[in-house]
Amino acid sequence: MKRDQQPILLKNVRVHNLKGVDLCLEPGELVVFSGVSGSGKSSLAFDTIYVEGQRRYIESLSHQARRFLGEFAKPEADAIEGIAPTIAIEQKLAGKTPRSSVGTMTGVYDFLRVLFARIAVPHCPVSGEAVAAQSREKIIASLQRLPEKTKIAVLSPYAKGKKAEFKEDFVELLSKGYMRLRVDGHWMELGEVDRLDGSKAHDVDLVIDRLTVEPANVSRLTEAANSALELGKGFFSVFVFDTGEEISFSQHAYSKKSGLSYGPLEPHDFSFNHPGGMCPTCQGLGVYSDFDLNRVINPELSISEDCCTIASSCETVRFGNIYRHLAKEYKFSLKTPWKDLSEKAKEVFLHGDGKKWTRMIFTHPEKKNRWFEYVRWKGVLHEARERLIAAKSDVYRKKMGALMTQIVCPDCKGARIKTYPAAAKLGGKTIAEITAMPLSDTLSFFQKIILTPLEKIVAEELIKEICSRLEFLIHVGVHYLSLDRTAPTLSGGESQRVRLASQIGAGLVGAIYVLDEPSIGLHPTDHHRLIDALVHLRNLGNTVLVVEHDADTMRAADRIVDVGPGAGQHGGNILVNGSFAELLAHPESITGGYLSGRLKIETPKTRRKQTDAKLSIRGASHHNLKKIDVSIPLGLFVCVTGVSGSGKSSLIRDILYPALANHLHHAQQPVGAHTAIEGIEHIDKVIAVDQSPIGRTARSNAATYIKLFDQVRDLFTELPESKMRGFTAGHFSFNVKEGS
């Protein structure tokens, strides 16, 4: 115990089923709260100690801040003393947003972004070669080689993704003689714009000059390029008005093979949550929802028979003419069944011809008049996606969603960021490759990385911090995860251990940490790592309170508080507040009884006989599964075991359950990679019981959730007095107007 900290004192606590208990805890200890489920452990640790700490913190804030944060009700107790700032690391899912990952939750990815921006070797995503510096003379020569009579604008980047009004900047630029800007892709006269919306991020480019490429303008073109390089610090771009193309020129990064130039890389370029870094196709998610061709195309029908259900009909004037033009140009028949069409014909119909504009002659089928239009054909899939984006009907969106499937983004290949930063390499690996490695391999990579003396000066502290946080993650038993593992795919126990590792990395001192069964879902071989992490958190100078059933954690604790003896009204008393030996010796403690061997669960003497009915999963290859075949007997109590990260959840939660739900209940859940599932005909229903909360509303309780209260209301409705007064079931419900 630290001399300057007073003990944690609780007097006459009456929260939930606690029966006026008193408790004294020494600060700086690892304390385990044990007892049967429902005995009052969480009521004491979370609903009393944690809530009181949070309540005191919120009361210390201003009135304005308290309005937004809300207020905690004071726990029912005569006195609560010695409470330090409290932090809860609960047993719950990390969240549903795929934009959050293990790397972002722990802060490791932030250090990685800075590291790659500073010392990674940029590569050209087109040629694959490392880019190199380009001289000013070569840039000007490349400009002069543009086709004659090409109308261009020379642009220098002024701000990228910056939230500001730019009012003073515009006045200064105008005084220097600049006349035009390009703001977020729109051309503006500098004298006509006063300020921008300061609440939005803007990309501002300064127009150095607008001119036509011709021999008479060589000196003017050279002067504009020099000015743009100076203002853009070695980087500028040229916008071609005729084609809408923008060509970048850089003194920092140039690829000889592809002839492309790139700008300097910044940390936000490696962020899949920043508009400047995320892949524009998948919006930084790494996956892309596209139409499943097996669902939208009937291979037995032809294009003229509308073989594609999401394509506009061949009977319409516009698309009938477009399809006939494509058939004539690429030499295929609209009456040929889809299965017999050439791959080129299918590609043009689905994905477009790749041309900027195509001159097509249109003929009205009834009036017979003719006209021509310039059409930019991008394929029926693009047309369907555009209709889906513009659709306002939820019914239509749901209908189209049923025809779509998630695929790896075709542009970023799952890297989630733009192709140029995604191609940068550090130690021969891209940032996507590093984040896809198991955490243990990632730590080994950074421990063995070889840097130049200059790179060491820049990166030594960054790598030290990355390795430190990776070690914390490995110590809490999640060494098998990767930094790119998204939050929705983590179990409740995994997300809790990831948050525990991030708290250890924060290095707080003098706080009270409250944890809810951190060992859940963890294989016994990894328990020692988790216990070491809890001890480390205590050794930093914190008080660690753990609600736990694990015997190893109890043995490692400084103090055990056993609550019981039973659950609900049969619990709520503190039986033990002392050592592990005292817990074993207490005669009323159910926990101590089982740990000491006085009580035990007998192994069943008879077993249910196995039948021939079984479920067989073939070729399971989701995540780390190695194309395995698994047969599960039906009608038995079956356990799927293995060390943490071995693939148990991938097999059952990601493959078997969604496949059965889709087949039996017409769900539309994504299913992990596998070849087939046999034996579904033996079952008629599948139910998943997971760790997700059953609801957040205070109007829901256990009785309403399992529909028991419906029968209670019906029973009261049948009473003679209820019939006399005309009471219906609604009068006995607290969720409708009649009864509330």
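Treat the numbers as computed from the prediction; the structure is a model and nothing was measured. (Residues numbered from 1 in each chain as written. Predicted model: local features only at pLDDT ≥ 70, side-chain atom pairs only at ≥ 80, totals over all residues. Heavy atoms only, no water.)

Caption draft 1: Representation of the overall build of the chain. Regarding its fold elements, the chain presents 25 helices and 26 strands. A principal-axis box enclosing the C-alpha atoms of the chain has dimensions of 100 × 65 × 60 Å. Taking all 740 residues of the chain together, the buried fraction comes to 43%. Taking the intrachain contacts of the chain between residues at least 6 apart in sequence as the baseline, contacts between residues at least 24 apart amount to 65%. Of the roughly 40300 Å² of accessible surface on the chain, 53% is carried by carbon and sulfur atoms. Within the chain, the 86 negative side-chain charges are centred at a point lying 3 Å from the centre of the 94 positive side-chain charges. (Helix = DSSP H or I, 4+ residues; strand = E, 2+ residues; numbered from the N terminus. Buried < 20%, exposed > 50% of the residue type's maximum accessible area, 1.4 Å probe, protein only. Contact = heavy atoms within 4.5 Å. Areas by Shrake-Rupley, 256 points an atom, 1.4 Å probe, with all protein chains shown as cover. Lys, Arg positive; Asp, Glu negative; His and termini not counted. Charge placed at Lys NZ, Arg CZ, Asp CG, Glu CD.)

Caption draft 2: Summary view of the environment of S60. Relative to the assigned elements, S60 resides in the loop between α1 (41-59) and α2 (63-69). Residue S60 is classed as exposed on the basis of its relative accessible area of 55%. Separated by 460 residues in the primary sequence, S60 and I520 have C-alpha atoms spaced 35 Å apart.

Caption draft 3: Region of the structure containing the pattern of salt bridges. Using the criterion set out here, one finds 29 salt bridges in the structure. Where D78 meets R14, a salt bridge forms, and the shortest distance between an N and an O atom there is 3.1 Å. Here D78 is found in the loop between α2 and β4 (79-81), whereas its partner R14 is found in the loop between β1 (8-13) and β2 (21-25), with 64 residues between them in sequence. Classification of R14 as partly exposed rests on a relative accessible area of 32%. Notably, a salt bridge pairs R56 with E52, separated by 2.7 Å at the nearest N-O pair. One end of the pair is R56 and the other is E52, both in helix α1 and four residues apart, which spans about a single turn. Each of E52, R55, R56 and E59 takes part in one network of salt bridges that share partners. (Salt bridge = Lys/Arg side-chain N within 4 Å of Asp/Glu carboxyl O.)

Caption draft 4: Representation of the confidence of the model for the chain. Per-residue pLDDT for the chain averages 88, and the proportion of residues at 70 or more is 98%. For the chain, α2 is the element with the lowest average pLDDT, namely 77, and strand β3 (residues 30-34) is the one with the highest, namely 96. (pLDDT = per-residue confidence, 0-100.)

Caption draft 5: Layout of the sheet that holds strand β23 (residues 573-578). Spatially, β5-β20-β21-β3-β22-β23 is the arrangement adopted by the six strands of the open sheet, whose pairing is mixed. Each having just a single partner strand, β5 (86-89) and β23 make up the two edges of the open sheet. This sheet shows a mean twist of 15 degrees between the axes of neighbouring strands, independent of strand direction. This element, helix α17 (residues 492-506), spans β5 and β20 (512-516) of the sheet and lies at about 145 degrees to β5. Helix-sheet contacts for helix α18 (residues 527-539) involve β3, β20 and β21 (543-547), and the interaxial angle to β21 is about 145 degrees. (Pairing = 2+ DSSP bridges. Axes fitted to C-alpha atoms, helices over the stretch in contact; angles between N-to-C directions.)

Caption draft 6: View of the pairing of strand β15 (residues 358-363). Judged by which residues are buried, β15 turns out to be one-sided: T358, M360 and F362 face inward and are buried, whereas R359, I361 and T363, on the alternate face, are not. Pairing between β15 and strand β16 (residues 370-375): six bridges, direction antiparallel. By the bridge assignment, I361 is partnered in β16 with F372. Once β15 ends, the chain turns through six residues before running back antiparallel as β16, passing K368 with a positive phi of about 65 degrees.

Caption draft 7: Structural detail: the sheet that holds β2. The sheet built from three strands is open, its strands ordered β2-β1-β4 with antiparallel pairing. Single-partner strands in this sheet number two, and they are β2 and β4. For this sheet, the mean inter-axis angle between neighbouring strands, taken without regard to orientation, is 5 degrees. Pairing between β1 and β4: three bridges, direction antiparallel. Among the inter-strand pairings, L9 is bridged to a residue of β4, identified as E81.

Caption draft 8: Structural context of unusual backbone geometry. Following G564, the chain continues into P565 via a peptide bond in cis, with omega recorded as 5 degrees. As for its position among the elements, P565 is in the loop between β22 (559-564) and β23. For K331, which is not glycine, the phi torsion reads 60 degrees and is therefore positive. With respect to the helices and strands, the residue K331 is situated in the loop between α9 (317-329) and α10 (343-351).

Caption draft 9: Looking closely at the packing of aromatic side chains. A full pass over the atoms with the stated rule returns 19 aromatic pairs. Both rings, one in F319 and one in Y323, keep their centres 6.1 Å apart while their planes meet at 50 degrees; by these two values the pair is tilted. Here the residue F319 and the residue Y323 both occupy positions in helix α9, the gap between them amounting to four residues, near one helical turn. Arranged with centres 6.2 Å apart and planes meeting at 75 degrees, the rings of Y323 and W377 form a pair that is edge-to-face. (Phe/Tyr/Trp six-rings, centres within 6.5 Å; stacked < 30°, edge-to-face > 60°.)

Caption draft 10: Region of the structure containing the side chain of D654. When you line up the elements, D654 lands in helix α22 (residues 648-665). Take D654: its relative accessible area is 18%, and that puts it in the buried class. A distance of 3.5 Å separates a polar atom in the side chain of D654 from a polar atom in the side chain of H622. Not counting residues up to four positions away in its chain, the partners in contact with D654 are H622, H623, S649, P670, V671 and G672. (Polar contact = N/O pair within 3.5 Å; in protein donor to acceptor, adjacent residues only side chain to side chain.)

Caption draft 11: Layout of the packing of helix α16 (residues 453-475) against α18. Axis separation between α16 and α18 bottoms out at 7 Å; the angle between their running directions is 125 degrees. On the basis of the axis angle, α16 is oblique to α18. Facing α16, whose interface residues are F472, I474 and H475, α18 presents R529, L530, A533 and H536. Considered class by class, the residues forming the contact of α16 with α18 number four nonpolar, two polar and one charged. (Parallel < 35°, antiparallel > 145°, perpendicular 65-115°, else oblique. Nonpolar A, V, L, I, M, F, W, Y, C, P; charged D, E, K, R; others polar.)

Caption draft 12: Representation of the state of the cysteines in the model. In this structure the tally under the stated criterion is zero disulfides. C307 takes part in no disulfide bond, and the closest cysteine sulfur, belonging to C308, lies 6.1 Å away. For C307, a relative accessible area of 1% translates into the label buried. (Disulfide = S-S within 2.5 Å.)

Caption draft 13: Structural view of α1. Here α1 spans 26 Å end to end across 19 residues, near enough to the 27 Å set by a 1.5 Å rise per residue. At V51, α1 shows its largest bend, some 30 degrees. α1 sits mainly inside the fold: 14 of its 19 residues count as buried. (Expected span 1.5 Å × (residues − 1). Bend = angle between axes of the 7 residues up to and from the residue.)

Caption draft 14: Fine view of the nonpolar core. Core analysis: the largest hydrophobic core is formed by 75 residues, its most contacted members being L112, L115, F116, F446 and L500. Ranked by the residues each element gives to this core, the list is headed by α16, at nine residues. Core analysis: the next-biggest nonpolar cluster, separate from the first, contains 33 residues, F291, L326, A327 and L334 among them. (Core = buried A, V, L, I, M, F, W, Y, C linked by side-chain atoms within 4.5 Å.)

Caption draft 15: Looking closely at the packing of α10 against helix α11 (residues 380-390). Viewed as axis vectors pointing N to C, α10 and α11 meet at an angle of 20 degrees, and their least axial separation amounts to 4 Å. Our classification of the angle between α10 and α11 gives roughly parallel. Between α10 and α11, the residues in contact are F349, L350 and H351 and V380, L381 and H382, respectively. Residue composition of the contact of α10 with α11, by class: four nonpolar, two polar and no charged.

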